[in-house]
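Observations on the three-dimensional arrangement
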Amino acid sequence: MSQGHTSTFKNPVVKWIDSRLPIFTMMHHEYNEYPMPRNVNYLWAFGAIAAVMLIIMIATGLVLAMQYAANTAIAFDSVERIMRDVNYGWLLRYLHANGASMFFIAVYIHIFRGLYYGSYKAPREILWILGVVIFLAMMGTAFMGYVLPWGQMSFWGATVITNLFSAFPIVGDPIVTWLWGGFSVDNPTLNRFFALHFLLPFVILALVILHTAALHICGSNNPLGIDAKGPQDTVPFNPYVTVKDLFAVVCFLILYAAFVFFMPNYMGHPDNYIPANPLVTPAHIVPEWYFLPFYAILRAIPDKLGGVLAMFGAIAVLFVLPWLDTSKVRSCKFRPIYRQFFWVLAIDALVLGYAGAMPAEGIWLLIARIGTTYYFFHFLILLPLLGKLERPLPLPASISEPVLKGGGHVAAGATAKPMEKA
Amino acid sequence: MAQTTHPSGTGAPTAPGGEGTSRRDFLYLATGAVGAVGVAAAAWPFVDSMNPAADTLALASIEVDLAPVAEGQSITVTWRGKPIFVRHRTAKEIDEAKAVNTAELRDPQKDEVRVQKPEWLVLIGICTHLGCVPLGQKPTDPRGDFDGWFCPCHGSHYDSSGRIRKGPAPLNLAVPPYAFLNDSRIKLG
């Protein structure tokens, strides 16, 4: 063929399709021969785990949507019907509800891995920003999904979160009325949340495709945070990484199954098995665990607008993180001071999460305020300064050098050959 | 004109006096502007469809009979999907509400402008912080430090006029539009 793609596939059907739409060539290039740094550890599997969770959420969500009714009069009952009457309804709903938590666990580990190994630094800024957008879309999807069973926590969580927007002067109240489609959280609100909850996962899927495309342009980061300098530093994606990822996915699914089958309501709230009542607020409104650190930041600020801005700001700093961190060294392995502050940040996030689950008074309020202060100090002051002040440890010359003594040095192209067997 | 600044390089004539601007640039901008207005106009029905519908707006008014509400008692009615607090205030509560120095309040309002008849306090029972329903309607509820209402979600205290006195809420409990039809009957909305 003079025009079109010259396919190298042998199978005539595959070749016929591939020369018109080179999808097989693309898949071969991106998921077969794609060079992965040979030193990546199991933390690099959490991207694949998160992708598997997204697929599970879309699959279970689709069949649940066929049974669920988004109307305030019957929403709660339709969920109970799924639990009791629909074939395997209990399984599908518990897979979906716990799947959301497992999805967030995978994504939080994925984010902290990026923070530790500096995966957000040049040239991976867009890759990182797309990841933050995915995180935001996940939060929106999870929040609206939690409203659908129309229990007390659904209703009051929706009320509190939509009311966040009323903090903005002038435009606040019209925005809230517009979000509700009425004067309180009611049937129009439930209906549109269902529509958006169905739509957003596909938006996330599209973002994940972009995220992966951006990743495959820059190549994967690795625990040393230095670029792969040639074939001696990498292994082909298939079979090395596919098998490793698959093993990690199976281990993760075992944990997931443990929750689904043995403690399916552990991460939920008993109050959500009480049907929504607009006239009675539960004594203690708590969001799902994955929002708790942000909820703690919201409540730590004594001013309504200030609290809302701080909470959104906590995510906004992640967007500009590639420019806040002034250090050129990616991996914490070679940043002896920042490495310690990374763990302070990780503990800070856990402490904020715990404070967010506690009543906002007394010691917990103080702890949340200290945690919030550190969170912003870390990103806005510590990271820009530390890049200038810290003396990083010497970086190895290449990925393969520290592993294979003397081999794989940049200049030593000849030594690459015996390593092909590795 | 051997060179043109225009990227298409078709040698569009430069406007007289203009430095590198051409009629084509003007047409691009004008077309773009008209297109943007058109897109915004077409988007409006989609956006506005999410605002309250006519049937939601139609549920706007209800009447409430006050005769069975004894002094010191409170009732909660629903209006536009929101809880409305109606309290038959005691003389002590009225005095407390009037005695407050409004200059000290976060959202300064005299008690007189918040009621039509001093013994009847009518409020939208939604905390102005994040929309929870404050406690204080039942005799056994905590009423906060100011003999009014207490929001358990984030700890806002309201006084016996429904004004914010302590906690994160920025504003007083709102007073809905209402009118006395006669001495013992009001119309909300």
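The paragraphs below set out a description of the structure included in this document.

Calculation notes
- Residues numbered from 1 in each chain as written.
- Chains lettered and ligands numbered in written order.
- Predicted model: local features only at pLDDT ≥ 70, side-chain atom pairs only at ≥ 80, totals over all residues.
- Heavy atoms only, no water.
- Core = buried A, V, L, I, M, F, W, Y, C linked by side-chain atoms within 4.5 Å.
- Buried < 20%, exposed > 50% of the residue type's maximum accessible area, 1.4 Å probe, protein only.
- Contact = heavy atoms within 4.5 Å.
- Salt bridge = Lys/Arg side-chain N within 4 Å of Asp/Glu carboxyl O.
- Helix = DSSP H or I, 4+ residues; strand = E, 2+ residues; numbered from the N terminus.
- Buried area = accessible area lost by both parts, 1.4 Å probe.
- Nonpolar A, V, L, I, M, F, W, Y, C, P; charged D, E, K, R; others polar.
- 1 Å grid on protein atoms, 1.4 Å probe; cavity = no way out; pocket = protein on both sides within 12 Å on 5 of 7 lines; lining within 4 Å.
- Points joined across faces, edges and corners; volume = space filled by probe spheres on them.
- Polar contact = N/O pair within 3.5 Å; in protein donor to acceptor, adjacent residues only side chain to side chain.
- Phe/Tyr/Trp six-rings, centres within 6.5 Å; stacked < 30°, edge-to-face > 60°.
- Disulfide = S-S within 2.5 Å.
- Expected span 1.5 Å × (residues − 1).
- Pairing = 2+ DSSP bridges.
- Axes fitted to C-alpha atoms, helices over the stretch in contact; angles between N-to-C directions.
- Parallel < 35°, antiparallel > 145°, perpendicular 65-115°, else oblique.
- Lys, Arg positive; Asp, Glu negative; His and termini not counted.

Looking at the nonpolar core
Grouped together as the largest cluster of nonpolar side chains are 124 residues, with contacts concentrated most on A:Y68, A:Y375 and A:F379. Ignoring anything within four residues of it in the chain, the contact list for A:F379 reads A:V317, A:L318, A:L321, A:L324, A:L345 and A:P384. Counting 14 residues, the second largest nonpolar core, distinct from the first, contains B:V86, B:W120, B:V122 and B:Y178.

Here we look at the pattern of salt bridges
Evaluation of the coordinates by the stated rule reveals 16 salt bridges over all chains. The salt bridge involving A:D227 is made with A:R330; its shortest N-O contact spans 3.2 Å. In this pair, A:D227 sits in the loop between α9 (187-218) and β2 (234-236) while A:R330 sits in the loop between α13 (321-324) and α14 (336-357), placing the two residues 103 residues apart along the sequence. For B:D111, the salt bridge is made with B:R89, and the minimal N-O distance between the two is 2.9 Å. Of this pair, B:D111 sits in the loop between α3 (91-99) and β4 (120-124) while B:R89 sits in the loop between β3 (82-88) and α3, placing them 22 residues apart in sequence. Side by side, B:D111 and B:R89 carry an identical accessibility label, which is buried. Three or more residues joined by partner-sharing salt bridges are found here, namely B:R87, B:K92, B:E93, B:E96, B:R143 and B:D147.

Overview of the interface of chain A and chain B
For an interface, size is often stated in terms of accessible area lost upon the parts coming together. Contacts between chain A and chain B engage 22 residues on the former and 24 residues on the latter. Both faces considered, chain A and chain B share a buried interface measuring about 2100 Å² in area, 65% of it formed by carbon and sulfur atoms. Put simply, chain A and chain B have zero salt bridges between them. Here the side of chain A that touches chain B is built from residues that sort into 12 nonpolar, seven polar and three charged.

Some words on empty space enclosed by the protein
Per the counting criterion, the structure on display carries two cavities of 30 Å³ or more. Around the largest cavity, the lining is made up of 14 residues, and of these A:F155, A:T159, A:S184, B:I126 and B:G131 lie nearest the centre. Residue assignment for the lining of the largest cavity shows that the elements contributing at least two residues are α7 (152-163) of chain A together with β3 of chain B. In terms of residues, the lining of the largest cavity owes the most to one element, α7(A), which gives three residues. Looking at the lining of the largest cavity residue by residue, the classes come out as nine nonpolar, four polar and one charged. Here the second largest cavity is characterised by a volume of approximately 40 Å³. Forming the boundary of the second largest cavity are A:A296, A:R299, A:A355, A:M358, A:P359, A:A360, A:W364, A:L365 and A:A368. Breaking the lining of the second largest cavity down by element, the ones donating at least two residues are α11 (292-300) and α15 (362-389) of chain A. The element that contributes the greatest number of residues to the lining of the second largest cavity is α15(A), accounting for three residues.

Let's talk about the side chain of A:N221
Residues and elements named next belong to chain A. Its location among the elements puts N221 in the loop between α9 and β2. Only 2.8 Å separates the side chain of N221 from the backbone oxygen of Y117, close enough to count as a polar contact. Of note is the side chain of N221, whose polar atom sits 3.0 Å from the side chain of S119. Apart from residues no more than four positions distant in its own chain, N221 is found in contact with P37, V40, W44, Y117, G118, S119, R124 and R330.

Comments concerning the packing of aromatic side chains
All names here are of chain A. What the rule picks out here adds up to 33 aromatic pairs over all chains. Taking 6.2 Å as the distance between ring centres and 55° as the angle between the ring planes, the aromatic pair formed by Y116 and W343 counts as tilted. In this pair, Y116 sits in helix α5 (residues 89-116) while W343 sits in helix α14, placing the two residues 227 residues apart along the sequence. Y116 sits in the buried class, given a relative accessible area of 14%. Ring pairs connect the aromatic residues F104, Y108, F135, W289, Y290, F291 and F294, which therefore count as one cluster.

Some words on the state of the cysteines
All names here are of chain B. With the rule as written, the count across this model stands at zero disulfides over all chains. Unpaired in this structure, C127 has its nearest cysteine sulfur neighbour in C151, at a distance of 3.8 Å. On the accessibility criterion, C127 (4% relative accessible area) is buried. According to the relative accessible area criterion, C151 is buried, its value standing at 2%.

Section: helix α10 (residues 237-262) of chain A
The end-to-end C-alpha separation of α10(A) is 35 Å, in line with the 38 Å expected for 26 residues at 1.5 Å each. Buried positions along α10(A) lie against α2 (23-31), β1 (35-37), α3 (46-65), α5 and β2 of chain A.

Let's talk about the environment of A:G4
Tracing the sequence through the fold places A:G4 in the segment before α1 (12-20). Sequence separation of A:G4 and A:D18 is 14 residues, and the distance between their C-alpha atoms is 9.4 Å.

Some words on the sheet that holds β4(B)
All names here are of chain B. Taking strand neighbours across the sheet as the criterion, the three strands line up as β2-β3-β4 in an open arrangement whose pairing is antiparallel. The outermost strands of the open sheet, each flanked by one partner alone, are β2 (74-79) and β4. This sheet shows a mean twist of 20° between the axes of neighbouring strands, independent of strand direction. Bridge count between β3 and β4: five bridges; the pairing is antiparallel. Considered in β4, the bridge of I84 is made with I124.

Topic: the packing of helix α8 (residues 172-180) of chain A against α9(A)
Think of two packed helices as two axes; the pair is described by the angle between the axes and how far apart they sit. All names here are of chain A. Packing of α8 against α9 leaves a shortest axis separation of 7 Å and a crossing angle of 75°. By the angle class used here, α8 and α9 are roughly perpendicular. Here W178, L179 and W180 of α8 come into contact with α9, specifically with P188, T189 and R192. In terms of residue class, the contact of α8 with α9 is built from four nonpolar, one polar and one charged.

Side note on the side chain of A:R93
Residues and elements named next belong to chain A. Assignment of secondary structure puts R93 in helix α5. Notably, R93 is buried but unbridged: the nearest opposite-charge side chain belongs to E80, and the N-O separation is 5.2 Å. Within the structure, R93 has its side chain in polar contact with the side chain of Y273 (distance 3.4 Å). The residues touching R93, leaving out its near neighbours within four places in the chain, are L64, V79, I82, M83 and Y273.

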